[in-house]
Structures are given as C-alpha cells and as structure tokens.
Amino acid sequence: MTTPQDLAARKEHLIAQSDIDRVRLAHAVLGVRSAVSRSGCWDSLAARRCAPSPETLLGYAIPALGVTRARGILRVAAFAVAIVRIMRRFVRR
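A few points on the structure.

Cut-offs and rules
- Residues numbered from 1 in each chain as written.
- Predicted model: local features only at pLDDT ≥ 70, side-chain atom pairs only at ≥ 80, totals over all residues.
- Heavy atoms only, no water.
- Helix = DSSP H or I, 4+ residues; strand = E, 2+ residues; numbered from the N terminus.
- Buried < 20%, exposed > 50% of the residue type's maximum accessible area, 1.4 Å probe, protein only.
- Areas by Shrake-Rupley, 256 points an atom, 1.4 Å probe, with all protein chains shown as cover.
- Salt bridge = Lys/Arg side-chain N within 4 Å of Asp/Glu carboxyl O.
- Patch = residues over 30% accessible without salt bridge, like charges linked within 9 Å, V, L, I, M, F, W, Y side chains within 5 Å.

**Observations regarding the overall build of the protein chain**
If you tally the helices and strands in the protein chain, you get four helices and zero strands. Mapped from its N terminus to its C terminus, the protein chain presents α and β elements in the order α-α-α-α. Scored against the burial criterion, the 93 residues of the protein chain give a buried share of 4%. Of the accessible surface of the protein chain, which amounts to about 8,500 Å², a share of 64% is contributed by carbon and sulfur atoms.

Right, here's the structure in full:
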C-alpha cells in the first residue's frame, strides 16, 4: 500500500517532470521560430505573402508527428487532391 509520503514524492516528481516538458516545448517553439525567421519569411508568413515550401513543412511535421502519422496524413491529403482534380474536370465538361 502506498503511504502519503510516497504519494507526495510522486506528485512532486510529476510536477517537476511537467515543468521540464514545458521548458522543452518552449525551447522547441523558439527553435522553429528562429529557423523560420532565418529564412526571412517569419514576418511575411503572418501577412501571407510568403508561403513555406512543402519540404519545410515536411521537415517540421515528420519529427513532430512521427513518420507513420505523417505518412497517413500525406496519403489522405493526396487522395483529397486527386478527388478535387477529378471533380474539377467533371464540372468543366
């Protein structure tokens, strides 16, 4: 059976771990922001004058989502694009 001291120690450990995770997330966000700003597009992305390249988006998506999930999302997106193209051809005729 767990004692109150064990529960308190576990709670403190979980709080410390969540603080570390927050710091890591903030660091990752700053890294992405600096990487995009180095390319000169960060300010213009907000103004929608500069679109990131597909390679850049994949470079951020694969580590963030994982290879399997990114592959599934890309498969669905490709299928959706194919359907849109087919519908456009059908409507034009």
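**A look at the pattern of salt bridges**
Counted under the stated rule, the structure contains one salt bridge. In this structure, D19 engages R22 in a salt bridge whose closest nitrogen and oxygen atoms are separated by 2.7 Å. Placement of both D19 and R22 in helix 1 (residues 4-38) is noted, with a separation of three residues, approximately one turn of the helix. Judged by relative accessible area, R22 falls into the exposed class, the value being 55%.

**Some thoughts on a nonpolar patch on the surface**
A cluster of nonpolar side chains, namely F79, I83, M87, F90 and V91, defines an oily patch on the protein surface of about 580 Å² accessible area. Mapping V91 onto the fold places it in helix 4 (residues 67-92). When its relative accessible area of 63% is taken as the criterion, V91 is described as exposed.

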